[in-house]
Every structure is written in structure tokens, then in C-alpha cells.
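# Structural description and commentary
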Amino acid sequence: MSVKIRLARRGRKKQAMYDVVVADARAPRDGRFIEKLGTYNPNTDPASINLDDSKAFDWVMKGAQPTDTVRAMLSYRGIMMRKHLQIGVNKGAITQEDADKKLEAWIKDKESKIQGKVDKLAKTKAEQKKAALEAEKKVSDARAEGLKKKAQEAEAALVEEIKEGGAEGNEDVEEDVAEVEETQAVETKTEAPEGETKEEPKAEVKEEAPAEEAKEEPKAEATEEAPAEEVKEEPKAEATEKAPAEEVKEEPKAEVKEEAAEEAKEDDKKEG
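Conventions we followed
- Sequence order as written defines residue numbering, which begins from 1 separately in each chain.
- Owing to the predicted nature of the model, reporting of local features is limited to residues with pLDDT of at least 70; listing and counting of side-chain atom pairs is limited to 80 or more, with chain, interface and lining totals taken over all residues.
- Excluded from the side-chain calculations are hydrogens and water; all other atoms, namely the structure's heavy atoms, are used.
- A pair of strands counts as paired when DSSP detects no fewer than two bridges linking them.
- Strands here mean DSSP runs of E at least two residues long; helices mean DSSP runs of H or I at least four residues long; both are numbered from the N terminus.
- Note on contacts: a residue pair qualifies if any of its non-hydrogen atoms lie within 4.5 Å across the two residues.
- Lines fitted to C-alpha atoms define the axes, with helix axes restricted to the stretch in contact, and inter-axis angles between N-to-C directions lie between 0 and 180 degrees.
- Throughout, nonpolar core names a set of buried Ala, Val, Leu, Ile, Met, Phe, Trp, Tyr and Cys residues whose side chains join them through atoms within 4.5 Å.
- Under the scheme applied here, a residue whose accessible area is under 20% of the maximum for its type counts as buried, over 50% as exposed, and between as partly exposed, the area being computed with a 1.4 Å probe on protein chains only.
- For this analysis, a ring pair means two rings from Phe, Tyr or Trp (six-membered ring only for Trp) whose centres lie within 6.5 Å, classed as stacked if their planes differ by under 30 degrees, edge-to-face if by over 60, and tilted for the remaining angles.
- Criterion for a charge above a ring: Arg CZ or Lys NZ at most 6 Å from the ring centre, at most 35 degrees from the ring normal.

## Some details on the sheet that holds strand S3 (residues 35-41)
In space, the five strands of this open sheet follow the order S4-S3-S2-S1-S5, with mixed pairing throughout. Each edge of the open sheet is held by one strand with a lone partner, namely strand S4 (48-51) and strand S5 (65-66). Note that strand S1 (residues 3-12) and S5 share two bridges and pair parallel. Considered in S5, the bridge of Lys 4 is made with Gln 65. Helix H1 (residues 53-62) rests against S1, strand S2 (15-24), S3 and S4 of the sheet, and its axis sits at about 115° to S3.

Next up, the structure:
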């Protein structure tokens with residue numbers, strides 16, 4: 001069975017991270033593995049490599065074949081250098097002490113290079129940030145100076161306009177005051193006739209009073225028609241005038257009574 005040291009992908013999209021695993025060559029990339037040796041994150045600068053060096057060295061010495069990417073990582077961490085020295089020790093070409101010294105020197109040199117790269121990257125990043133801030137400050141200063149210059153120019157132009165048009169402005173103000181006074185005088189003149197015209201309808205109302213009286217004239221005619229009613233009542237007066245006729249009719253009754261009285265007197269005389 002061939003064993004490989006390779007990467008197993010994990011992490012989200014466009015933010016991939018990898019596990020360094022020992023797995024069977026026939027197993028899928030993200031499938032079953034024998035042992036996990038560490039992690040690899042390529043999203044940082046420099047890339048973050050966390051490995052268990054002793055375990056990785058043991059598997060390499062046992063014959064596990066790393067992939068190209070994992071081989072570069074192992075070289076970066078000094079594992080491949082340690083393997084090379086250990087093979088020389090096993091063959092007797094070099095002692096263990098010399099191999100350990102050479103390994104320590106190589107690791108220190110590598111660490112200094114890595115630290116130098118880290119410092120350089122940090123320095124360049126700080127310089128870029130400082131340059132960006134200075135450029136932004138220059139832009140803001142230039143903008144502020146431009147605004148200040150425009151404000152000064154506008155103020156100077158306004159002062160010149162005031163100086164040039166001072167007298168004209170005073171004349172214009174006097175003309176405006178005169179126009180206002182004229183308009184007020186015209187309004188006061190026009191308001192008086194308007195008041196009279198407004199009062200004229202009241203006079204017409206007073207004049208219309210006879211018209212109302214004229215409307216009341218039919219009532220007077222109605223009173224004049226009262227004699228007509230009296231005329232209608234004249235037959236009643238005739239009726240009252242007919243009363244003497246009745247009295248005439250009654251006169252014979254009085255005569256009859258007188259005759260009866262005379263006859264009674266004559267009868268008394270005859271009897272006496």
C-alpha cells in the first residue's frame with residue numbers, strides 16, 4: 001500500500017484552507033485519511049504553515065510520498081533537510097552531532113529570512129498606508145485652499161460691487177421710497193370715492209322706501225274699496241229705510257186701536 005502526504009481542502013468558497021494529512025493514495029482527496037499532520041492557510045502573506053515536524057519527519061522516513069505542494073511546505077519547514085542529514089548519518093558519512101549543528105544553522109538562517117520577509121511586508125504595508133494618507137491629506141488641503149480662495153474672491157467681488165453701486169443703491173432706495181409714498185397717496189385718494197360709492201347703495205335703499213310705500217298703495221286702494229263694501233251695504237240701509245214702511249203698515253193698527261177706543265168711549269156714553 002502506497003501512502004501519500006497531501007492536502008485535504010476545507011473552508012468556504014474563495015477562502016479555502018487545507019489540512020495536511022497522511023492518506024492512502026487510492027482514497028479521494030477529501031475522503032478518509034490515516035493521520036492529520038497540520039494545517040495550511042494560503043490566504044495570508046506569507047502563507048501560514050502549522051505542522052507537527054516530528055510526525056511529518058517520521059512519515060517521510062517511513063517512505064510516505066508527499067505531493068509537490070506538500071514537498072515545498074516540508075522544505076520550507078526544514079523537514080526535507082533533516083531527512084537528507086539523517087540519511088548521511090545512517091550511511092556513516094556524517095556524525096549525528098554535525099548533522100544537528102547543520103540543521104540548527106539552516107533553521108536559524110531560514111527563520112531570519114522568514115522574519116526579514118515578514119518585516120519587509122509590514123514595512124511596505126505601512127509605507128503604502130502612509131502614502132495613501134498623505135495623498136488624501138494633500139487632496140483635502142488643496143480642496144480647502146480652493147474653497148477658501150473662492151470665498152475670498154467672492155467677498156472681494158461683493159465689496160467692489162458695494163463700493164461701485166453705493167451711490168446708485170442710495171438713489172434706487174430713494175426712488176423706491178418715493179414710489180411707495182406715491183402709491184400710498186394714490187391708494188388713499190382712490191379709497192375715498194370707493195367709500196362713497198359703497199355708501200350710495202344705502203342712499204338708494206333710503207330712496208327705495210317710497211317704492212315700498214308705492215307697494216303699500218294697493219293697501220290704500222283696499223281701504224278706498226271699503227266704500228264699495230259700504231255700497232254693498234247700502235241695501236241694508238234701504239232695509240232700514242223700509243222700516244218706516246213697516247211702521248206705515250203698523251199705523252193702521254194704531255188707528256184701529258184708536259177707533260176701538262173711540263168706539264168703546266161711544267159705547268160707554270151710550271150706556272151711560
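## Let's talk about the nonpolar core
Among the nonpolar cores identified, the biggest contains 19 residues, and Ile 5, Val 20, Leu 37, Trp 59 and Leu 74 are the most heavily contacted of them. Elements that contribute at least two residues to this core include exactly S1, S2, S3, S4, H1, helix H2 (68-76) and helix H3 (79-91). With four residues, H1 is the single largest residue contributor to this core. Discounting chain neighbours no more than four positions away, the residues touching Ile 5 are Val 20, Val 21, Val 22, Leu 37, Trp 59, Val 60, Ala 64, Gln 65, Pro 66, Thr 67 and Val 70. Leu 85, Val 89, Ile 94 and Leu 103 belong to the second-largest nonpolar core, a separate cluster that totals five residues.

## So, the packing of aromatic side chains
A complete count under the given rule lists one aromatic pair for this structure. When the ring centre of Trp 59 is taken as reference, the NZ or CZ atom of Lys 62 above it lies at 5.1 Å. The ring of Phe 57 has Arg 82 lying over it, and the distance from NZ or CZ to the ring centre is 4.3 Å.

## Thoughts on the pairing of S2
Counting buried positions along S2 gives seven out of 10 residues, so the element sits mostly inside the fold. Looking at chain direction, S1 and S2 are connected through 10 bridges and run antiparallel. Paired with Arg 6 across the two strands is Val 21, which belongs to S2. Counted between consecutive antiparallel strands, the loop separating S1 from S2 contains two residues, among which Lys 14 sits at a positive phi close to 60°. Pairing of S2 with S3 involves five bridges; the strand directions are antiparallel. Bridge assignment links Val 22 to a residue of S3, and that residue is Glu 35.

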